[in-house]
Amino acid sequence: MLALSLIDVKDFMNKFLRSEIFDHFLLQEGVIQTAASYVIDGKINDTFYTSEEKISLGLEDDLFLPYSMLRQNFFDLIKGKKAPSSFKVILSLSNKNLARTLAGMKSNFTAEDITALFLNIHYQEQKLTLTTGVSYRIFSTDKTVEHEWDRLVLLFLKQNEIPFEEL
């Protein structure tokens, strides 16, 4: 697990809310504390979409919606002159990206062994942190996937010019 402080809060929030950088992640959950509390459950509501709609939107393989479909909701809840008192967002890779990422790691683990690779973003007291996580379906003492996921997240942040420091 990697724990990072995201140094430039304003720049990160602009990238997070107004750009497509995080759009390929799935949103598992978002909690925003402003004048009221808002909880966004990213789980796909199966009664909302027909099978054909799910296929045309590319939602047939995942349990959660892409962040791209909910980014505007976050923007609408967070925008304004006053910053939220806190928020947390849990993002994960889609099943397709999980399989592709594991294959690129040249690991013995498969997508059937790993539930998800996570990014946890937390804002509180004007500080923004990002932690990584791996959820396994099997028991293993092998930490190769965790180390490689941490390396890939650091690369992702550097490529997108998101300044950080390790905690």
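As the structure is a computational prediction, the values presented were derived from the model and not from experiment.

1. Section: the overall build of the protein
Within the protein one finds five helices and seven strands. Reading the helices (α) and strands (β) of the protein from amino to carboxyl end gives β-α-β-β-α-α-β-α-β-β-α-β. A compact globule built from 167 residues should have a C-alpha radius of gyration of about 15 Å, and the protein, at 16 Å, falls within 12% of that. Projecting the C-alpha coordinates of the protein onto the three principal axes gives extents of approximately 50 × 45 × 25 Å. Within the protein, counting contacts between residues at least 6 apart in sequence, those at least 24 apart form 66% of the total. Approximately 9800 Å² of the protein is accessible, and the part contributed by carbon and sulfur atoms is 51%. Both charge centroids of the protein, one from 18 positive and one from 23 negative side chains, sit 6 Å from each other.

2. Side note on helix α4 (residues 95-105)
Those residues of α4 that fall on the buried side of the exposure criterion are Asn97, Leu98, Thr101, Leu102 and Met105. What you see down the axis of α4 is that its buried residues fit within an arc of 130°, all on one side. Among the exposed residues of α4, those oriented more than 90 degrees off its buried face are Lys96, Arg100, Ala103 and Gly104. Buried residues in α4 make contact with β5 (114-124) and α5 (144-159). Directly beyond the C-terminal end of α4, a positive phi value near 55° is found at lysine 106.

3. Comments concerning the sheet that holds strand β4 (residues 86-92)
Strand order in this open sheet of seven strands is β3-β2-β4-β5-β6-β1-β7, and the pairing throughout is antiparallel. Of all the strands in the sheet, the pair left with one neighbour each is β3 (37-41) and β7 (164-166). The mean angle between the axes of side-by-side strands here comes to 15°, regardless of whether they run parallel or antiparallel. Direction of pairing for β5 relative to strand β6 (residues 127-136): antiparallel, over a ladder of ten bridges. Bridged to isoleucine 114 within β6 is tyrosine 136.

4. Details of the pairing of β3
In the sheet, strand β2 (residues 26-33) pairs with β3 via five bridges, with the strands oriented antiparallel. The partner of isoleucine 32 across the bridge, within β3, is tyrosine 38. Linking β2 back to β3 in an antiparallel pair, the connection comprises three residues.

5. Structural notes on the pairing of β4
For β4, the tally of buried residues reaches six of seven residues, placing the bulk of the element in the interior. Relative to β4, β2 runs antiparallel, the two being bridged by seven bridges. When the bridges of β4 are listed, isoleucine 32 appears paired with phenylalanine 87. Sheet topology places β4 next to β5; seven bridges connect them, and they run antiparallel. Paired with isoleucine 90 across the strands is asparagine 120, a residue of β5.

6. Side note on the environment of phenylalanine 12
Tracing the backbone shows phenylalanine 12 in helix α1 (residues 9-18). Under the relative-accessibility criterion, phenylalanine 12 is labelled buried at 1%.

7. Overview of the side chain of serine 86
With respect to the helices and strands, the residue serine 86 is situated in strand β4. Those residues within four positions of serine 86 in sequence are excluded, and the remaining contacts are Val31, Ile32, Gln33, Tyr123 and Gln124.

Reading the values: rules and limits
- Residues numbered from 1 in each chain as written.
- Predicted model: local features only at pLDDT ≥ 70, side-chain atom pairs only at ≥ 80, totals over all residues.
- Heavy atoms only, no water.
- Helix = DSSP H or I, 4+ residues; strand = E, 2+ residues; numbered from the N terminus.
- Rg over C-alpha atoms; globule rule 2.2 N^0.38 Å.
- Contact = heavy atoms within 4.5 Å.
- Areas by Shrake-Rupley, 256 points an atom, 1.4 Å probe, with all protein chains shown as cover.
- Lys, Arg positive; Asp, Glu negative; His and termini not counted.
- Charge placed at Lys NZ, Arg CZ, Asp CG, Glu CD.
- Buried < 20%, exposed > 50% of the residue type's maximum accessible area, 1.4 Å probe, protein only.
- Arc of directions from axis to C-beta.
- Pairing = 2+ DSSP bridges.
- Axes fitted to C-alpha atoms, helices over the stretch in contact; angles between N-to-C directions.

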